[in-house]
Amino acid sequence: MMKKSFFTLVLYSSLLTASEIAYRFVFGIETLPAAKMAETFALTFVIAALYLFARYKATRLLIAVFFALSIIANNVHYAVYQSWMTGINYWLMLKEITEVGSAGASMLDKLWLPALWGVAEVVLFCSLAKFRRKTHFAADILFIAAMLLIFGRSFSTTQEHGISPKPTYSRIKANYFSFGYFVGRVLPYQLFDLSKVPVFKQPAPSKIGQGSVQNIILIMGESESAAHLKLFGYGRETSPFLTQLSQADFKPIVKQSYSAALMTAVSLPSFFNAIPHANGYEQISSGDTNMFRLAKEQGYETYFYSAQAENEMAILNLIGKKWIDHLIQPMQLGYGNGDNMPDEKLLPLFDKINLQQGKHFIVLHQRGSHVPYGALLQPQDKVFGEANIVDKYDNTIHKTDQMIQTVFEQLQKQPDGNWLFAYTSDHGQYVRKDTYNQGTVQPDSYLVPLVLYSPDKAVQQAANQAFAPCEIAFHQQLSTFLIHTLGYDMPASGCREGSVTGNLITGDAGSLNIRDGKAEYVYPQ
């Protein structure tokens, strides 16, 4: 009897794993590597075994509902947002059920096939019941224990997988973390107001124009600390172009800025959604202040060209993947799923964009100064040698300076001057000969460069009014300024006070609060 049950489980698990692979192929979702396929089979086998052997109908119903959410909810969500469900998505679905239903009804032509595919998989899974002969109380215990474990982990905020599950997770694995985060963290915190971090929520800004410039180009750097630039007091000239630019007669804005957060996974979603402090995840999920969405609604074509490996960019759905018209990552240029590429590979892609036709909102996302420092540099790029870790890091700063120069000078050749250029970095690094790290409260970790210039006099005047009074700017200033430039009623924020979110987007790992230049790291009480 057990042999027959084992054979049945192997058969069902194989069919469902094959369906996962086929589903990804048909809908253009990232292909699972061999190890992830094996993991998917194992997880499917476990959940199928629990369903087959569970003694109580209530347990079997809970397992079936969990599987249905894993498959159908994720299928539908990915069809709309190109990402798996998250714990916050579950909350928003319940909170705004009418709006969700209306939106879903308007997209039936897009949703019917992935939804039907999911229903077929759920029917196949539930048909396992026909082979049930013996039941074991242990199966009920194991399922309940597994769910209680993830609920407990999520409540203590020790896992971030439910905040943004990676595309390489199977739908079952993604939902285990997401549903666990929803039940264990989101529900109790929302229902009982447990979070001590104020929630940031604001409506979408109103349109006040068509956009001030035709082309907005942002280079989003990676891990570049302002502390390693000579114009901010560093002893070595790592950025000769920015030094020269800061002294130019046309007076571009070149200064330090507080990053939005200490880590990329928090900083970029906060920046591209204009989130001023921690606990803005619900705002991010709504997309109301997402730059790419707002740009598209003003008729801009949106671009996100990244030098970072696809499997390291699970946060793309939080950045605004749904509203990016032209998304290019290393895989599209022949690299592997886990391969980063040199930043210079972004330049030919930028050159191909015809800035004279239409409006463009362009983000060039670097690998920049990410560890391991200089791994993607050519020998001629290592101008400071490689005697120690500081030399290696400074080489990357120098290379970024060259990229900024190339893009800036390319823009200066545009005949009409109808463009705005911006540069900043997601966060910094603390780099010394004996140690280097990120995500700490050292100023090197959160003070980054900021460059802003437009040959359009009105736009540059507005930039000067917003940034000139500030000794140190904030990412939130740049975010709100860009949204205002896109033609929205969102004035650039000030620089008297602001926040740098810690290593959790919820703010539960604390935040650095800045007021009048004084910084204090504050943890939730």
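One structure accompanies this document, and this report is about it. Every value quoted in this text rests on a predicted model; they were computed, and no experiment measured them. Counting from 1, residues in each chain are numbered in the order their sequence is written. Where totals are concerned, whole chains, interfaces and linings use all residues; where local detail is concerned, this predicted model gives features only for residues with pLDDT of at least 70, and gives and counts side-chain atom pairs only at 80 or more. Think of the side-chain values as coming from all heavy atoms in the structure, minus any hydrogens and water.

### Comments concerning the nonpolar core
And step 1. Of all hydrophobic cores here, the largest spans 56 residues; its most connected members are Phe-272, Phe-292, Phe-304, Ile-319, Phe-361, Leu-452 and Phe-467.
And step 2. Counting residues in hydrophobic clusters, the runner-up holds 37 residues, among them Tyr-305, Ala-307, Ile-389 and Ile-397. Buried Ala, Val, Leu, Ile, Met, Phe, Trp, Tyr and Cys residues that are joined via side-chain atoms within 4.5 Å together make up what is termed a nonpolar core. Burial classification: accessible surface area is computed with a 1.4 Å probe over protein chains only, and a residue below 20% of its type maximum counts as buried, one above 50% as exposed, and the rest as partly exposed.

### A look at empty space enclosed by the protein
And step 1. We place a 1 Å grid over just the protein atoms. Points where a 1.4 Å probe fits but has no way out form a cavity, open points with protein on both sides within 12 Å along at least 5 of 7 lines form a pocket, and any residue with an atom within 4 Å of a point lines it. Grid points are joined across faces, edges and corners, and a volume is the space filled by probe spheres set on the points. Under the definition given, this model contains five cavities of 30 Å³ or more.
And step 2. The computed volume of the largest cavity comes to approximately 150 Å³.
And step 3. Numbering of helices and strands starts at the N terminus; helices are DSSP runs of H or I of at least 4 residues and strands are runs of E of at least 2. Per-element accounting of the lining of the largest cavity gives the leading share, three residues, to helix 11 (residues 281-286).
And step 4. A per-class count over the lining of the largest cavity returns five nonpolar, six polar and two charged. Ten residues, namely Ala, Val, Leu, Ile, Met, Phe, Trp, Tyr, Cys and Pro, are considered nonpolar, four, namely Asp, Glu, Lys and Arg, are considered charged, and the remaining ones, Gly among them, are considered polar.

### A short note on helix 18 (residues 475-485)
The periodicity of an α-helix, 3.6 residues per turn, causes residues three or four positions apart to be oriented the same way.
And step 1. With 10 of its 11 residues buried, helix 18 lies for the most part within the structure.
And step 2. Of the residues making up helix 18, those classed as buried are His-475, Gln-476, Gln-477, Leu-478, Ser-479, Thr-480, Phe-481, Leu-482, Ile-483 and Thr-485.
And step 3. Two residues or fewer after helix 18 comes Gly-487, characterised by a positive phi angle close to 105°.

### Some thoughts on the packing of helix 7 (residues 137-155) against helix 8 (residues 171-191)
And step 1. Relative to each other, helix 7 and helix 8 sit at 55°, their axes nearing to 8 Å. By the criterion of interaxial angle, the relationship of helix 7 to helix 8 is oblique. When the axes of helix 7 and helix 8 are compared, the crossing they make is right-handed. Contacts between helix 7 and helix 8 involve Ala-146, Met-147, Leu-149, Ile-150, Phe-151, Arg-153, Ser-154 and Phe-155 on the former and, on the latter, Tyr-176, Phe-177, Phe-179, Gly-180, Tyr-181, Val-183, Gly-184, Arg-185, Pro-188 and Tyr-189.
And step 2. When the residues that make up the contact of helix 7 with helix 8 are grouped by side-chain class, the tally is 13 nonpolar, three polar and two charged. Fitted lines through C-alpha atoms give the axes, limited to the stretch in contact for helices. The angle between two N-to-C directions lies from 0 to 180 degrees. To sort the angles, those under 35 degrees are grouped as roughly parallel, those over 145 as roughly antiparallel, those from 65 to 115 as roughly perpendicular, and the leftovers as oblique. In this scheme, a crossing is called left-handed if the near helix is turned counterclockwise away from the far one by less than a right angle; it is called right-handed if the turn is clockwise. What makes two residues a contact is simply this: any of their non-hydrogen atoms within 4.5 Å.

### Quick word on the pattern of salt bridges
And step 1. Salt bridges are identified by distance alone: a Lys or Arg side-chain nitrogen within 4 Å of an Asp or Glu carboxyl oxygen. Scanning the entire structure with this criterion turns up 17 salt bridges.
And step 2. Measuring nitrogen to oxygen at the nearest pair gives 3.5 Å for the salt bridge that ties Lys-201 to Asp-288. Pair noted here: Lys-201 is in the loop between helix 8 and strand 1 (215-221) and Asp-288 is in the loop between helix 11 and helix 12 (291-297), with a separation of 87 residues, a long-range link.
And step 3. Lys-201 gets classed as partly exposed once you look at its relative accessible area, which sits at 40%.
And step 4. Taking the shortest distance from any N to any O, the salt bridge between Arg-367 and Glu-312 comes out at 2.9 Å. Highlighted residues: Arg-367 in the loop between strand 5 (359-365) and helix 15 (389-412) and Glu-312 in the loop between strand 3 (300-306) and helix 13 (316-319), separated in sequence by 55 residues.
And step 5. Residue class for Glu-312 comes out partly exposed when judged on its relative accessible area of 38%.

### Some thoughts on the sheet that holds strand 13 (residues 518-522)
And step 1. The three strands lie next to each other as 11-12-13, forming an open sheet whose pairing is antiparallel. Two strands close off the open sheet at either side, each with one partner strand: strand 11 (497-501) and strand 13. With strand direction ignored, the average angle separating the axes of adjacent strands in the sheet is 20°.
And step 2. The pairing of strand 12 (residues 511-515) with strand 13 spans five bridges and is antiparallel. What sits directly across from Ser-511, in strand 13, is Val-522. Between any two strands, at least two bridges found by DSSP are needed for them to pair.

### Considerations on helix 8
And step 1. Within helix 8, the axis deviates most sharply at Phe-182, by approximately 35°.
And step 2. Buried residues dominate helix 8, accounting for 15 of its 21 residues. The angle separating two fitted axes, one through the seven residues that finish at a residue and one through the seven that start at it, defines the bend at that residue.

### Some words on the sheet that holds strand 10 (residues 472-474)
And step 1. Reading across the sheet, the eight strands line up as 4-3-5-1-6-9-2-10 and stay open at both edges, with mixed pairing between neighbours. Only two strands of the sheet have a single partner each, and these edge strands are strand 4 (326-328) and strand 10. On average, each strand axis in the sheet is tilted by 20° relative to the strand beside it, whichever way the strands run.
And step 2. Examined bridge by bridge, strand 1 and strand 6 (residues 419-425) share seven bridges and lie parallel to one another. Bridge pairing in strand 6 links Leu-218 to Ala-422.
And step 3. Sitting on the sheet, helix 15 is in contact with strand 1, strand 5, strand 6 and strand 9 (447-453), with an inclination near 170° to strand 6.
And step 4. Sitting on the sheet, helix 18 touches strand 1, strand 2 (253-258), strand 3, strand 6, strand 9 and strand 10, and the angle it makes with strand 6 is about 160°.

### A look at the pairing of strand 2
And step 1. In terms of burial, strand 2 is largely enclosed, as five of its six residues are buried.
And step 2. Sheet topology places strand 2 next to strand 9; six bridges connect them, and they run antiparallel. Bridged to Val-254 within strand 9 is Val-451.
And step 3. One ladder, built from three bridges, connects strand 2 with strand 10; its direction is parallel. The residue of strand 10 that forms the bridge with Gln-256 is Ile-472.

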